[in-house]
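Secondary and tertiary structure notes
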Amino acid sequence: MPINLSGRPFLRLLDFSTEEIEYLLKLSKNFKDLKRTGTPHRYLEGKNIVLLFQKTSTRTRCAFEVGAMDLGMGVTYLDPGSSQMGKKESIEDTARVLGRFYDGIEFRGFAQTDVEDLAANAGVPVWNGLTTEWHPTQMLADILTVQENFNYDIKGKTLVFMGDAANNVARSLMVVCSKLGMNFVACGPKENMPDAELVKTCEAIAAENGCTVTLTDDVEKGCTGADVIYTDVWVSMGEPDEVWAERIKHLEKFRVTKEVMAMANEGAIFLHCLPAFHDTNTTIGADIAERFGVTEMEVEDVVFESKASKVFDEAENRMHTIKAVMYATLCG
């Protein structure tokens, strides 16, 4: 049966079947090939989208803007100070207004309920660019990158997430790996694991697809035999500054080092959704170094800059996969 995602919101990958996710990945590869060969693909000429940002971002904004323009669409960007949503106007009312102006709405913010309210009231496709709970567009970019490095044969491969496995990226990785037949390992402190109900859900999905979900606080056990080592920042945007001391204390053990990469399989790759604190060349990195004496946080610079690191391919793939999501939900 042909895949048809026209008119659907893209809020979390739990809502999509394995076949639908695979379709989006194939579409992403096709768009990447078109972009690389300079082949015009303005398939959505005349449509317009709006980007609603409660949280700022480099990759998400640029990926949506360039992707939309490649497809021939007009783009309006509303930063955190440019919209009345949630202040003078409810999310529901904002959705009903914007849905009459635009053909699609992207939201990047905090609560998952906000993007769900937008989708329920807009009357047009709504895409989740990131919430506290989920990061679905990032997942497609991650998996496309894995596919590219393993000859598009990823079933049975093992992806290890190192660090705060309770965050939106780790939760989303657990879902997409389970859907696509990849073994998922969360390697971090016991207090920083995904919630038990989601783990149970993903274990059931994984069993259907011939893969596994593993939670461990043992670095050697978690990383031995891995094909992909993935990590993320230890403190997410919007969290209070006071949590740094506690996170560093609990997560230093789970830094991705050259020794960790040596535990993985030959040819293993390193991924990070970015930005990364692998040195002190940022204001936050410099501040943490001064306050805590930590110059490399979630990943060593030698790993970040190594041949195994595919983080910039991964960043580029945000654009191609976001383009696929917009096209699939707006066409037809």
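Further up the page is the structure itself.
We now turn to the structure provided with this report.

How each quantity is defined
- All residue numbers refer to positions counted from 1 along the written sequence of the respective chain.
- Selection of residues for local features in this predicted model requires a pLDDT of at least 70, selection of side-chain atom pairs for listing and counting requires 80 or more, and totals for whole chains, interfaces and linings are taken over all residues.
- With hydrogens and water set aside, each side-chain value is computed from the structure's full complement of heavy atoms.
- If DSSP finds at least two bridges between two strands, the strands pair.
- Numbered from the N terminus, helices here are DSSP runs of H or I no shorter than four residues, and strands are runs of E no shorter than two.
- Where helices are involved, their axes are fitted lines through C-alpha atoms of the stretch in contact, as for all axes, and angles between N-to-C directions lie from 0 to 180°.
- What makes two residues a contact is simply this: any of their non-hydrogen atoms within 4.5 Å.
- Accessible area is worked out with a 1.4 Å probe on protein chains only. A residue is then buried under 20% of its type maximum, exposed over 50%, and partly exposed in between.
- Think of it as the arc spanned by the lines of direction from the helix axis to the C-beta atoms.
- Note on definitions: salt bridges are taken to be side-chain nitrogens of Lys or Arg within 4 Å of carboxyl oxygens of Asp or Glu.
- By definition in this entry, angles of less than 35 degrees are roughly parallel, angles greater than 145 are roughly antiparallel, angles of 65 to 115 are roughly perpendicular, and the rest are oblique.
- Crossings are sorted by hand: turned counterclockwise from the far helix by less than a right angle, the near helix makes the crossing left-handed, and turned clockwise it makes it right-handed.
- For the purposes of this analysis, a disulfide is any pair of cysteine sulfur atoms at a distance within 2.5 Å.

**Thoughts on the sheet that holds strand E7 (residues 213-216)**
As summarised here, the arrangement of the five strands in space is E7-E6-E5-E8-E9, forming an open sheet in which the pairing is parallel. Two strands lie at the open edges of the sheet, namely E7 and strand E9 (269-272), each paired on one side alone. Between one strand and the next, the sheet's axes are offset by a mean angle of 20°, whatever the strand orientation. Looking at chain direction, strand E6 (residues 183-187) and E7 are connected through four bridges and run parallel. Each bridged residue has a counterpart across the sheet, and for Val 185 the counterpart in E7 is Thr 214. Across the sheet, helix H6 (residues 168-180) touches strand E5 (158-162), E6, E7 and strand E8 (228-231), and the angle it forms with E5 is around 170°.

**Considerations on the environment of Ile 269**
Along the chain, Ile 269 falls in strand E9. Relative accessible area serves as the criterion here: at 3%, Ile 269 is assigned to the buried category. For Ile 269, the residues in contact, after removing those within four places along its chain, are Val 146, Asn 149, Phe 150, Asp 227, Val 228, Ile 229, Met 261, Ala 308 and Lys 310.

**Some thoughts on helix H4 (residues 112-122)**
Along H4, the positions that sit buried rather than exposed are Gln 112, Asp 114, Val 115, Leu 118 and Ala 122. Seen along its axis, H4 keeps its buried residues to an arc of 165°; they face one direction. The inward-facing, buried residues of H4 abut strand E1 (48-53), helix H3 (91-101), strand E3 (104-108) and strand E4 (126-130).

**Examining the pattern of salt bridges**
Between side chains of opposite charge, a pair can form as their charged atoms come close. Applying the stated criterion to the full structure yields 17 salt bridges. Here Glu 259 and Lys 258 are joined by a salt bridge, their closest N and O atoms 3.6 Å apart. According to the relative accessible area criterion, Lys 258 is partly exposed, its value standing at 48%.

**Here we look at the packing of H6 against helix H7 (residues 196-208)**
Interaxial distance between H6 and H7 falls to 8 Å at its minimum, and their mutual angle equals 20°. Relative to H7, the element H6 is oriented roughly parallel. For the pair H6 and H7, the crossing hand works out as left-handed. Residue-level inspection shows Arg 171, Met 174, Val 175, Ser 178 and Lys 179 of H6 in contact with H7, the latter providing Leu 198, Val 199, Cys 202, Ile 205 and Ala 206.

**Some details on the state of the cysteines**
Taken as a whole, this structure holds zero disulfides when the rule is applied. Not part of a disulfide, Cys 273 finds its nearest cysteine sulfur in Cys 177, a span of 14 Å.

By themselves, these figures tell us nothing about what the structure is for.
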